[in-house]
Every structure is written in C-alpha cells, then in structure tokens.
Amino acid sequence: MKTRQLGKSDIYVSEIGLGCMSLPTDQKNADKIIHTAIDKGITYFDTADLYDKGENEQIVGNSFKNNRQDIILATKVGNRMKESGEGWNWDPSRKWITAAVHESLKRLQTDYIDVYQLHGGTMEDDVDEVIDTMESLKKEGLIREYGISSIRPTVINRFLQKSNAVSVMMQYSLLDRRPEEWFSLLENNDASLFSRGTLAKGLLTADGLNRANKTNEYLSYSNAELMETIEQLQSLNAPITSVALKYVLQRKVTGSMIIGASSSEQLLESIEAYDVHVSEDLLQKVNQITKQDVYTEHRV
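Below or above, wherever it landed, is the structure these notes cover. (Residues numbered from 1 in each chain as written. Predicted model: local features only at pLDDT ≥ 70, side-chain atom pairs only at ≥ 80, totals over all residues. Heavy atoms only, no water.)

**Notes on the side chain of Asn287**
Rule in force here: A run of DSSP states H or I qualifies as a helix once it reaches four residues; a run of E qualifies as a strand once it reaches two. Both are numbered from the N-terminal end. By the criterion applied in these results, polar contacts are pairs of N or O atoms within 3.5 Å in which, for protein atoms, one can donate a hydrogen and the other can accept it, and in which residues neighboring in sequence qualify only through two side-chain atoms. Contact between two residues is taken to exist if any of their heavy atoms lie within 4.5 Å; hydrogens are not considered.
Take Asn287: it is sitting in helix α11 (residues 280-289). Looking at Asn287, its side chain comes within polar contact range of the side chain of Arg177, at 3.2 Å. At 3.2 Å, the side chain of Asn287 forms a polar contact with the side chain of Tyr247. For Asn287, the contacting residues outside a window of four places in its chain are Arg177, Tyr247 and Arg251.

**Some words on the sheet that holds strand β11 (residues 192-196)**
Convention followed: Note: two strands are recorded as paired if DSSP finds a minimum of 2 bridges between them. Whenever a helix is involved, its axis is fitted only over the stretch in contact; in every case the axis is a line through C-alpha atoms, and angles between N-to-C directions fall within 0 to 180 degrees.
Taken together, eight strands build a closed barrel; the order of strands is β3-β4-β5-β8-β9-β10-β11-β14 and the barrel is parallel. Taken pair by pair, the neighbouring strands of this sheet meet at an average axis angle of 30°, ignoring direction. Bridging between β11 and strand β14 (residues 254-260) involves three bridges; their strand directions are parallel. Note that in β14 the partner of Phe194 across the bridge is Ser256. Running over the sheet, helix α5 (residues 153-162) touches β8 (113-119), β9 (143-149) and β10 (167-171) and is turned about 150° from β9. Docked against the sheet, helix α9 (residues 240-249) engages β11 and β14, running at close to 150° with respect to β14.

**Points about the side chain of Ser149**
Test applied: Each residue's exposure class comes from its accessible area (1.4 Å probe, protein chains only) as a fraction of the maximum for that residue type: buried when under 20%, exposed when over 50%, partly exposed otherwise.
Note on placement: Ser149 falls in strand β9. The exposure class of Ser149 is buried, given its relative accessible area of 8%. Setting aside residues up to four positions removed in sequence, Ser149 forms contacts with Lys76, Leu118, His119, Gly120 and Met169.

**Things to note about α9**
Most of α9 is tucked away: ten of the ten residues are buried. Every buried residue belonging to α9 is among Ile240, Thr241, Ser242, Val243, Ala244, Leu245, Lys246, Tyr247, Val248 and Leu249, and all of these are buried. Those residues of α9 hidden inside the fold are in contact with β1 (3-5), β11, α8 (223-234), β14, α10 (264-274) and α11.

**Overview of the pairing of β9**
Definition in use: Crossovers are marked right-handed if the path from the first strand over the helix to the second runs clockwise, as seen with the strands pointing away from the viewer.
Of all seven residues in β9, six are buried, a share of seventy percent or more. Between the parallel pair β8 and β9, the chain is carried across by helix α4 (residues 127-140), and the sense of this crossover is right-handed. Between the parallel elements β9 and β10, the chain passes through α5 in a crossover that is right-handed.

**Details of the pattern of salt bridges**
Our working rule: The salt bridge criterion pairs a side-chain nitrogen of Lys or Arg with a carboxyl oxygen of Asp or Glu, the two atoms within 4 Å.
Counting across every chain of the model gives 16 salt bridges. A salt bridge links Asp176 to Arg178, with the nearest nitrogen and oxygen atoms 2.8 Å apart. For Asp176, a relative accessible area of 1% translates into the label buried. Judged by relative accessible area, which is 22%, Arg178 ranks as partly exposed. A salt bridge links Glu225 to Lys291, with the shortest nitrogen-to-oxygen separation between them at 3.1 Å. With Glu225 in helix α8 and Lys291 in the segment after α11, this residue pair connects regions lying 66 residues apart in the sequence. With relative accessibility at 32%, the residue Glu225 sits in the partly exposed group. Linked through salt bridges whose partners overlap, the residues forming this network are Asp10, Arg68, Asp114 and Arg144.

**Some words on the packing of aromatic side chains**
Inclusion rule: Note on aromatic pairs: the rings of Phe, Tyr and Trp (six-membered ring only in Trp) are paired at centre separations within 6.5 Å, and the planes decide the class, stacked below 30 degrees, edge-to-face beyond 60, tilted for the rest.
Enumeration according to the criterion identifies five aromatic pairs in this entry. Relative to Phe194, the ring of Tyr44 lies with its centre 4.6 Å away and its plane at 20°, an arrangement referred to as stacked. You can see Tyr44 sitting in strand β4 (residues 44-46) and its partner Phe194 sitting in strand β11, a full 150 residues away along the chain. This pair shows no difference in class: Tyr44 is buried, exactly as Phe194 is. Taking 5.1 Å as the distance between ring centres and 85° as the angle between the ring planes, the aromatic pair formed by Tyr172 and Phe183 counts as edge-to-face. Of this pair, Tyr172 sits in the loop between β10 and α6 (183-188) while Phe183 sits in helix α6, placing them eleven residues apart in sequence.

**As for the pairing of β8**
Of all seven residues in β8, seven are buried, a share of seventy percent or more. Across four bridges, strand β5 (residues 72-77) lies against β8 in parallel orientation. Of the residues in β8, the one forming a bridge with Ala74 is Val115. Two strands pair when backbone bridges link them, and β8 and β9 are joined in this way by six bridges, in the parallel orientation. Paired with Tyr116 across the bridge in β9 is Tyr146.

**Some remarks on the environment of Asn89**
For Asn89, the location among the structural elements is in strand β7 (residues 88-90). For the pair Asn89 and Gly78, spaced eleven residues apart in sequence, the C-alpha to C-alpha distance is 8.4 Å. The contact partners of Asn89, leaving out residues within four places of it in the chain, are Gly78, Asn79, Arg80 and Lys82.

What follows is the structure, encoded as structure tokens:
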C-alpha cells in the first residue's frame, strides 16, 4: 500500500483509509476488520465522536491501544449530542471543541489525535474562533493537524483561506465529480483531499447495475442515464471498482480514499481492486463517460 503526504505536514497516509463508521458494534468483529486493514498496509483510520454516539471511537480505541504508534488516527468534532441522547445540535464553539477533544481522547485511549476535523460547518460559524481553538490544541500537543469535512464550497473556501488546515473531506467519485472545480483551491492552500463515497454507494462495484436498477436517480443522473453510464464503465478493460479507485487516486490532491467495510471480506475486495493496474488511457476515457457536474449553488 502506497502512502501520500498530507498537505505540507509530516503526516503520511495510506492511499486507502478505513472509514470506521461502518464497523460492527461487536468488538471482536470490528477487530477482525481493523487487523485485516493493518495487515494489508492501511495506516489511516477515520472515525467521529458522533458515530454510534461515541461507541465507534471506543471500539477503535480498544483495537489500537497496543499499537497506537503504528497508525494515523483521525476523528471529528462539531456535532453535539443532545442530553436526551436523541439527535444532535451543531456546536463549533471553543468551549465545546475543547471539551469534546478530551472526551474523544478518552474514548480513543490515546493522548493525541493525528488529524482533528471540523465535522461540517456553516457561514454563520465564528470561523476565527474555530481556527484559533484548533491551533491551541496543536500547541498543547492534543492534535497534530486539523482539517474540515464539508460539502459546502463557501465554507471550505473560507476555512482554507484563514487556516493552516491540511485536509478537506468531501464526497468524490466517478459519479460525483463536482469537487473537481475546487481542487485548485485545495492545492493552492496546501490541503489534501480525503475522498468519501468513492464507490458511490456500491454503484461503482460489480453489483452496480443491480443497484442502479433499484435507484430512481443519483445526483443529476436519471435512472436511464445511470444504467447507461454504469454499463459503459463495466465494459472497459478493467474492473469497474479498480477504475473508480484509480480515478480518484490519479488526482495529485488526493491524500487518501476513505473506504468503509462491514466485514473483512468486503475490505479485501476493495484492496484487491486497488491492486489492479488501470492504464492512463483508460482513465482519460472515463472522463468522456461520466458527467463533470458543478455545485449549482456556491453559497450553501
């Protein structure tokens, strides 16, 4: 498994990262997936304080308490669970972030987080306070670097322009190419992309046609367009999943693709697809097959 530098930081992440949100809540089964990932060279693991109301962080922490130094660990902050335990509120305040990081550290059973990500964001946020808080956490040694996970271009733009963020997590795949118009922004601000949704809810797998047949539409794709596009992608001289993964990796701005897995077998399928060679010519060809949409509303 190859690694890539995260922005201009001294952190290097594996080209596939394990998205831990899909992990089972059973520790034994979760350990099996995590250990499979480590055995196959995955070093980057992504969770959030929101997942399973904090239980996901606890499970991840249990798995890594004996080999923490061997992995790059990321989590997120900003969504504050209601006292009732049902639902959450958006809270990017200094007070909440400072309290939440200590709770995450406790659940993760570590004294530092490699990449701490703001889990969303709005234009109404006090972004200067958020950034100052992140910088303070860096100085304290509680986090090594920070970034943002968002689909709002204006929020991302403002955050990058004002901060030393090293990463942006965005949904990006062959079927969702909207982020491409913003890649120069990331590059100009020395930030790397963490792609999520790289396999488009399984549409970009061998089971893609079956899934597409049950999907009325996907973003700007009608059902008919989706079926036709996947048929063309499946007819190429390479497995569709391999094409999907390598398409994202061909972008220099990409740091790691965050791939979820609910079983070791599912994870191994993604890793096997990653190991397949896909030619440059073929990757150029898929540009003509899929849509290059843009965000229709830049003020979200």
